[in-house]
Amino acid sequence: MQISIIGAGFIGSTLGARLSAAGFEVTFGVRRPDETNLEVPTATVATVAEAIAAAEVLVLAIPGGAVADFVATHGLALEGKLIIDATNQMGAEVPNARAVLPAGVRYARAFNTLGGENFADPTFDGAPADLFFSAPGADEATVAAVIAGVGLRPIFVGEDREDLIDALFKLWIALALTQGRGRKLALRLLEG
């Protein structure tokens, strides 16, 4: 599966390294590929336009406030693409970027409810952390495979349920940062 990650900051580079190590074909889409120095030897670094064109799955790992400019420049190329929105607009009532993206994308919400260090090391007490996600039903298995590729246990909450995922983001912020429990914190679904 060809996964293009838009953004090569902490979240994007961490996800890309894990996915590349799991055998996915990873392309990082960045504004200045010649000036980007990533330590993911099996991944490709390309322009944003080239990464979008190559993607079977597109992961948005840019600052939430930058999504509108990204869409203004590349919106037409996003039509029909499966986009996993890993962005957060800190402090906004709606942290996700769905309203800014073109209506014709296949929208999934994931990778925004944990600190990036938990993507680098997703194991807690010998078991993977859970990552809750929302996606179109037809894309559930694909998004779950991407999440599992990072080493997390995917938990599907339904189609068009980014509201639930955003609530988990707010809960993680409250526990990890506001209460000072630390960023190495994750949630797990326990069933009896």
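What you are looking at is a predicted structure, and each value in this text was computed from that prediction instead of being measured.

Novice: How do you make sense of the overall build of the chain when you look at a structure like this?
Specialist: Scanning the chain for helices and strands turns up six helices and 10 strands. A compact globule built from 192 residues should have a C-alpha radius of gyration of about 16 Å, and the chain, at 16 Å, falls within 12% of that. Overall, the chain is about 45 × 35 × 30 Å in size when its C-alpha atoms are taken along their principal axes. Across the 192 residues that make up the chain, the buried fraction comes to 49%. Carbon and sulfur atoms form 53% of the exposed surface of the chain, whose accessible area is close to 9000 Å².

Novice: Please explain helix H1 (residues 10-21) as it appears in this structure.
Specialist: Each full turn of the α-helix corresponds to 3.6 residues, which orients residues three or four apart in the same direction. Here H1 spans 17 Å end to end across 12 residues, near enough to the 16 Å set by a 1.5 Å rise per residue. Within H1 the residues assigned to the buried category are Gly-12, Ser-13, Thr-14, Leu-15, Gly-16, Leu-19 and Ser-20. Where H1 is buried, its residues contact strand S1 (2-6), strand S2 (25-30), strand S4 (57-60), helix H4 (116-120) and helix H5 (140-150). Gly-23 occupies a position one or two residues after H1 and carries a positive phi of about 100°.

Novice: Looking at this structure, I do not really get unusual backbone geometry. What am I missing?
Specialist: Most of the time, phi is negative for any residue but glycine, and the peptide bond is trans. Positive phi values are uncommon outside glycine, yet Phe-111 reaches one of about 65°. Locating Phe-111 in the fold gives a position in the loop between strand S6 (106-109) and H4. The backbone phi angle of Asp-125 is positive, close to 50°, even though this residue is not glycine. Looking at where Asp-125 falls in the secondary structure, it is placed in the loop between strand S7 (123-124) and strand S8 (127-128).

Novice: Would you explain the pattern of salt bridges in this entry?
Specialist: Counted by the stated rule, this structure contains 10 salt bridges. Arg-106 is the partner of Asp-139 in a salt bridge, and the nearest nitrogen-oxygen pair spans 2.9 Å. Of this pair, Asp-139 sits in the loop between strand S9 (130-134) and H5 while Arg-106 is found in strand S6, placing the two residues 33 residues apart along the sequence. Salt bridges sharing partners connect three or more residues here, namely Asp-85, Arg-109 and Asp-166.

Novice: Looking at this structure, I do not really get the nonpolar core. What am I missing?
Specialist: Generally speaking, nonpolar side chains in soluble globular proteins are found buried as a group. Among the nonpolar cores identified, the biggest contains 38 residues, and Ile-5, Ile-84, Phe-111 and Leu-152 are the most heavily contacted of them. Residue assignment for this core shows that the elements contributing at least two residues are S1, H1, S2, S4, strand S5 (82-85), S9, H5 and helix H6 (162-178). When sequence neighbours within four positions are dropped, the list of residues in contact with Leu-152 reads Phe-111, Leu-114, Asn-118, Phe-119, Pro-122, Pro-128, Ala-129, Leu-131 and Ile-147. The next biggest cluster of nonpolar side chains, apart from the first, holds 17 residues, and it includes Ile-52, Val-67, Ile-83 and Ala-97.

Novice: Looking at this model, I keep getting lost on the side chain of Ser-4. Mind explaining?
Specialist: One can find Ser-4 in strand S1. Among the polar contacts listed, one links the side chain of Ser-4 to the backbone oxygen of Ala-51, at a separation of 2.7 Å. The contact partners of Ser-4, leaving out residues within four places of it in the chain, are Thr-27, Ala-51, Ala-54, Ala-55, Val-57, Leu-58 and Val-59.

Cut-off values and rules
Residues numbered from 1 in each chain as written. Predicted model: local features only at pLDDT ≥ 70, side-chain atom pairs only at ≥ 80, totals over all residues. Heavy atoms only, no water. Helix = DSSP H or I, 4+ residues; strand = E, 2+ residues; numbered from the N terminus. Rg over C-alpha atoms; globule rule 2.2 N^0.38 Å. Buried < 20%, exposed > 50% of the residue type's maximum accessible area, 1.4 Å probe, protein only. Areas by Shrake-Rupley, 256 points an atom, 1.4 Å probe, with all protein chains shown as cover. Expected span 1.5 Å × (residues − 1). Contact = heavy atoms within 4.5 Å. Salt bridge = Lys/Arg side-chain N within 4 Å of Asp/Glu carboxyl O. Core = buried A, V, L, I, M, F, W, Y, C linked by side-chain atoms within 4.5 Å. Polar contact = N/O pair within 3.5 Å; in protein donor to acceptor, adjacent residues only side chain to side chain.

Functional significance is not addressed by these values, which are geometric in nature.
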